[in-house]
Amino acid sequence: MGSGFDITAEDIRVFLDEAEELLQAMEAGILRLESEASDPDPEVIQDIFRAAHTLKGSSATLGHQSMAELTHAMENVLDRLRKGKVSVTTPLVDTLFRCLDVLKIFKDEIATGEPAAVNTDEVMRELAALEGTADSAEPAAPAPAGGDVALPALTPEQQAKLEQAQARGLKAYQAQVALSPEAAMPAVRAFQALLAVADIGQIVLSVPTQEEVENDQVGADLKLLFVTGESVEKVHEVLREVPEIAIQVLAPYQPSLPAATPGPAEEVAAAAMAPPASGAAQAATGAPQPAPGAAPPAESNSGGPVRTTRSGLRTVRVDVEVLDNLMNTVGELVIERTRLQQVLSRLEVEREGDELSQVMSSALAQLGRLTGNLQEEIQRARMLPVENLFRKFPRMIRDIAHKAGKEINFIVRGEETELDRSVIEEIGDPLMHLLRNAVDHGIESAEERLAAGKPAAGTVILEAFHEENHIIISVRDDGRGVDPEKIRASAVRKGIISEEAARRLSDPEAVNLIWAPGFSTKQEVSEVSGRGVGLDVVQKNIERINGSVEIRSTVGQGTEFRVKLPLTLAIIRALQVELVGTTYCIPLGSVVETDRIPTSEIQTVRQREVIVKRGEVIPLLRLAEAFGLQRPEGYEEPEEIFVVIVAVMGRQIGLVVDSLIGEGDVVIKPLGRFIGEIPGISGATIMGDGDVAIILDVSSLVDSVQGEAGRLETVAQ
Amino acid sequence: MERVTAADEQVVVFTIGGQEYALPISGVREIITWTAPTPVPEAPPYVEGVISVRGEVLPVVDLSRRFGLVSDRAEEQRRIIILEMDGQSAGLIVDDVVAVESVAAGRLAPPSPLLVNIGGLNDAVVDGILQLGENRLVVVLGPARMLETALQ
């Protein structure tokens, strides 16, 4: 099947999106099959089947024959599974997984446009083996070699073609070949039959047409009218070389019997055509007008796959960029509304009680409500359930567990929890690493577990849930836990901290050393999680999207990593503060508390101003000075300063600001290429009055005061 | 008004500190009235700050400071020319926008060192000199190079 169709980049994108979803659905289904091997849920099998079928259709449309053939072969096995003819066994599950792997490679092949040189022979053989045995029944009745074929009426062009050929001394034949219901790709067989005939003659017409065949629209058989100089025997010979077809009719064409008025002869012939001949019957009895192009579509054989209809879907795919643009537009709308509001307040002052200003006031209130709704809806449109991300993990855990020789009971909860699309995109890798870590380092070997009085199978729980204005994703295991003693020893050995300092660390502080660059609790880096990426990178990646991660562990009982994420990257809740007459925003997620502190309470430790709160020493950062902002002349420091205490990973500093303004949702905008990255600043936002406010990057501000070394130093004091 | 022919290019003529300058209109997205920029701490030297234009946050550059010119306008009377290059935009603070002029091909003289130094500019940012009238010489700036220079 050539790919002589107009495939646009958009088609490919849609295909890739769809394929990704289908592959994930299949993977989830196969995993379920495996876990319920003794009593598989027919629904699950049906789901996998449906996904394979849809993928077959779309890959065939795209002209990816190997992908279509593979999915078709999977379909056959799944069909037998569905009918209870085979049962769920480990080889079966493994084969299905291998198929998925190959399909993923095919998908990438389509995405990149570069052939991946995959050989499907082996996996096809495995599938064939699974499919084989029991009832390898051939299509029942041996075909009659004579009779008539119910062909549609010839068009004038076809008639002319036929007459010309006959004038040249060629003979016209009609043929009907049955496509075996067991055929992996009936369309391919039909296509081969067409080619075989075209090789020795000229096809006048076929049902289905070549185009339909290329589109995978084939029924139970293929009907042909062709001219050739060869003998009937020769035609027989070439057709017999096509596997998985059976010649039912091959006879000289009788032009006197147009199909437009089907005589009893044809009906008998059609009825005699076995096995499932509904396609033929349909063509025969319903023949009056269907033009060749309008032949009944595929899947007429009983028990065959049901074409998934899309009419029931109420969703559309939208480019994220469109949503971003919508979001921007709404932002402007809000700003314009604020301007109108200002006009209104002036009107109200100048023309008190004026009817016009009252109308405007109510219209503006309404406008405000509507823009608010709009903003909320668009934000919601950007949200996706984490399910899309979580679906990847069960298979990964299964593979890692197999490799590590561990038995893992993997539980996923809260898949329906929604997160902004951009957050989901960023959080996949860090989560994958934490999960690998749990399986590889967290869960003990079966022997160790049994010795510790635990069940042999370890449990890993991945859970997502809401917590206030955040989403928490927790990765929990019931493994050996993190031993602070071992961490201390390891950190000292690796030169991350001095022995003296290590001894002073509390147990939770010691556990937090795992985040230090270059730290790994296992002495040897295992094949599974040792990919050169440490937990420090995981932490950095999570912080980059305004999230945070913490570890909670009990020796002998297990470890939990808690990833705290903002609901969205685009909008954050921020504390607005004032610095030398300008508004700045501090992401509320990192704000611990705000306080007014008399300057007399500021102490100086090692040339740095600090305050002491509840026995904790908190270094201060005077933002105006740090940013080099010019104070107006004659500025005198007030007797009390405003301090916003922020924390990143338990490291606290106090930001000194001029005053507190309030809090609100702000949309983060980049500062752009011309300005570039400025330490301490993560972006800007447009306020309700159209002014721009700078958003502070708390993480880098904390780093600037308490570097990695500085932190340990403070701890060690 | 001069007639615009196909070979003509249009330039936006504006003033800074009494001197006339021009920018090719192809690089100008729009011209807006004064909007006070929000200062960005530790931004490149000639970035006056950022403003919001249609939901976008854009940096604003003050050329008069870059070239040692003294603006003769009150802030509120100044204007901001929004330049756009490669999908990135930035604002340029000017005293006033005078006119949009058509330049017949060939009337743009290459910058002579003598003329260029009039406005305290250097040839890094000047595309050419345009003679608009008897005693009217306009320095035509190259927007991309100018922004690059300003942000250095």
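Small disclaimer: the values here were computed from a predicted structure and weren't measured.

(A) Expanded view of the overall build of chain B. Secondary structure assignment for chain B yields 3 helices and 11 strands. For chain B, the α and β elements follow one another from N to C terminus as β-β-β-β-β-α-β-β-β-β-α-β-β-α. Taking all 152 residues of chain B together, 51% fall into the buried category. Of all intrachain contacts in chain B linking residues separated by at least 6 positions in sequence, the fraction that spans at least 24 positions is 54%. Put simply, chain B shows about 7,100 Å² of open surface, and 49% of that area lies on carbon and sulfur atoms.

(B) Fine view of the overall build of chain A. Looking only at helices and strands, one finds 24 helices and 22 strands in chain A. Considering chain A as a whole, with its 717 residues, one finds that 46% of them fall into the buried category. In chain A, once contacts between residues fewer than 6 apart in sequence are set aside, the share between residues at least 24 apart is 71%. Accessible surface computed for chain A: about 35,100 Å², of which carbon and sulfur atoms make up 50%.

(C) Geometry of the pattern of salt bridges. Residue and element names in this part refer to chain A. Throughout the structure, instances matching the rule amount to 44 salt bridges over all chains. With a closest N to O distance of 2.7 Å, Lys454 and Glu444 form a salt bridge. You can see Lys454 sitting in the loop between helix 17 (446-451) and strand 8 (458-467) and its partner Glu444 sitting in the loop between helix 16 (421-442) and helix 17, a full 10 residues away along the chain. Residue classification places Glu444 among the buried residues on the basis of a relative accessible area of 5%. Residue Glu637 is joined to Arg622 by a salt bridge in which the shortest nitrogen-to-oxygen separation is 2.7 Å. Of this pair, Glu637 sits in the loop between helix 22 (623-626) and strand 18 (640-648) while Arg622 is found in strand 17 (residues 616-622), placing the two residues 15 residues apart along the sequence. By relative accessible area, Glu637 is classed as partly exposed at 41%. By relative accessible area, Arg622 is classed as buried at 16%. By sharing partners, the salt bridges in this structure join Glu27, Glu34, Asp94, Asp101, Lys104, Arg395, Arg398 and Asp399 into a single network.

(D) Summary view of the sheet that holds strand 6 (residues 408-413) of chain A. Residue and element names in this part refer to chain A. The sheet built from 5 strands is open, its strands ordered 6-8-9-11-10 with mixed pairing. Each end of this open sheet is capped by a strand with a single partner; those strands are strand 6 and strand 10 (548-554). On average, each strand axis in the sheet is inclined to that of its neighbour by 15 degrees, with strand direction left out of account. Pairing of strand 6 with strand 8 involves 6 bridges; the strand directions are parallel. Opposite Arg413, over in strand 8, you have Glu463 as the bridge partner. Each of strand 6, strand 8, strand 9 (470-477) and strand 11 (558-566) touches helix 16; the most contacted strand, strand 11, lies at about 175 degrees to it.

(E) Quick look at the confidence of the model for chain A. Looking at chain A as a whole, its pLDDT mean stands at 78, while 84% of the residues score no less than 70. Segment residues 521-532 of chain A is flagged for pLDDT under 50; beyond a separation of four residues in sequence, or across chains, it makes 17 contacts in the model.

(F) Spotlight on the pairing of strand 18 of chain A. Residue and element names in this part refer to chain A. Taken across its 9 residues, strand 18 has 7 buried, putting it largely inside the fold. In terms of strand pairing, strand 14 (residues 591-598) meets strand 18 through 7 bridges, oriented antiparallel. The partner of Ile597 across the bridge, within strand 18, is Ile641. Relative to strand 19 (residues 651-657), strand 18 is paired through 7 bridges, and the arrangement is antiparallel. Across the sheet, residue Phe642 finds its bridge partner in strand 19, namely Val657.

(G) Representation of the interface of chain B and chain A within the structure. At the junction of the two partners, chain B supplies 23 residues and chain A supplies 22 residues. Each partner contributes to the roughly 1,900 Å² buried at the junction of chain B and chain A, and carbon and sulfur atoms together form 67% of this total. A per-residue breakdown of the area chain B buries against chain A is headed by Pro41, Glu42 and Val57 of chain B, which together make up 30% of the total. Across the chain B-chain A interface, the total number found is 1 residue pair in polar contact (both at pLDDT 80 or more). If you tally residues by element for the side of chain B that touches chain A, the top one is strand 4 (residues 47-53) of chain B, at 4 residues. Looking at side-chain class alone, the side of chain B that touches chain A contains 14 nonpolar, 5 polar and 4 charged residues.

(H) Region of the structure containing the packing of aromatic side chains. Residue and element names in this part refer to chain A. Taken as a whole and judged by the stated rule, the model has 5 aromatic pairs over all chains. One residue, Arg82, lies across the ring of Phe49, its end atom 4.0 Å from the ring centre. Here the basic side chain of Arg631 rests over the ring of Tyr635, its NZ or CZ set 4.2 Å away from the ring centre.

(I) Broad picture of the packing of helix 4 (residues 90-112) of chain A against helix 5 (residues 121-131) of chain A. Residues and elements named next belong to chain A. Between helix 4 and helix 5, the least distance of the axes is 10 Å, while the angle of their chain directions is 145 degrees. Where helix 4 crosses over helix 5, the handedness of that crossing is left-handed. Between helix 4, through Leu92, Thr95, Arg98, Cys99 and Val102, and helix 5, the contact on the second element is made entirely by Val123, Glu126, Leu127 and Leu130. Each residue belonging to the contact of helix 4 with helix 5 can be placed in one class, and the counts come to 6 nonpolar, 1 polar and 2 charged.

(J) Spotlight on the sheet that holds strand 16 (residues 608-613) of chain A. Residues and elements named next belong to chain A. The strand order across the open sheet formed by 6 strands is 14-18-19-17-16-15, and the pairing between neighbours is mixed. Of all the strands in the sheet, the pair left with one neighbour each is strand 14 and strand 15 (603-605). Put simply, the sheet's adjacent strands are angled 40 degrees from each other on average, direction ignored. Note that strand 15 and strand 16 share 3 bridges and pair antiparallel. Among the inter-strand pairings, Gln603 is bridged to a residue of strand 16, identified as Val610. Where helix 23 (residues 698-705) meets the sheet, it contacts strand 16, strand 17, strand 18 and strand 19, and its direction lies at approximately 100 degrees from that of strand 19.

What counts as what
- By convention here, each chain's residues receive numbers from 1 onward along its written sequence.
- Think of it this way: whatever chain is written first is A, whatever ligand is written first is 1, and the rest follow in order.
- It should be noted that, the model being predicted, local features are given only for residues of pLDDT at least 70 and side-chain atom pairs only at 80 or more, the latter also being counted only at that level, while totals for whole chains, interfaces and linings use all residues.
- Side-chain measures here rest on the full set of heavy atoms in the structure, leaving out hydrogens and waters.
- Runs of E in the DSSP output that reach at least two residues are strands. Runs of H or I that reach at least four are helices, and both are numbered from the N terminus.
- Note on classification: 1.4 Å probe, protein chains only; a residue is buried when its accessible area is under 20% of the maximum for its type, exposed when over 50%, partly exposed between these limits.
- Throughout, a residue-residue contact means that at least one pair of heavy atoms, one from each residue, lies within 4.5 Å.
- Note on areas: Shrake-Rupley with a 1.4 Å probe; residue coverage comes only from the protein chains shown.
- Whenever a carboxyl oxygen of Asp or Glu lies within 4 Å of a side-chain nitrogen of Lys or Arg, that contact is scored as a salt bridge.
- Only strands joined by at least two bridges in the DSSP assignment are considered to pair.
- Axes here mean lines fitted to C-alpha atoms, for a helix over just the part in contact, with angles spanning 0 to 180 degrees between N-to-C directions.
- Every residue carries a pLDDT, the predictor's confidence in it, which falls somewhere between 0 and 100.
- Accessible surface is computed with a 1.4 Å probe, and the buried area is the amount of it that two parts give up when combined, taken over both parts together.
- Here a polar contact is taken to be a pair of N or O atoms separated by no more than 3.5 Å, where protein atoms must pair a possible hydrogen donor with a possible acceptor and residues adjacent in sequence count only if both atoms sit in side chains.
- Classification used: nonpolar for Ala, Val, Leu, Ile, Met, Phe, Trp, Tyr, Cys and Pro, charged for Asp, Glu, Lys and Arg, polar for all others including Gly.
- A pair of aromatic rings is counted whenever rings of Phe, Tyr or Trp (Trp by its six-membered ring) have centres within 6.5 Å, and the orientation is called stacked for planes under 30 degrees apart, edge-to-face for over 60 and tilted otherwise.
- Lysine NZ or arginine CZ positioned within 6 Å of the ring centre and within 35 degrees of the ring normal marks a charge as sitting over the ring.
- A crossing counts as left-handed when the near helix is turned anticlockwise from the far one by less than a right angle, and as right-handed when that turn is clockwise.

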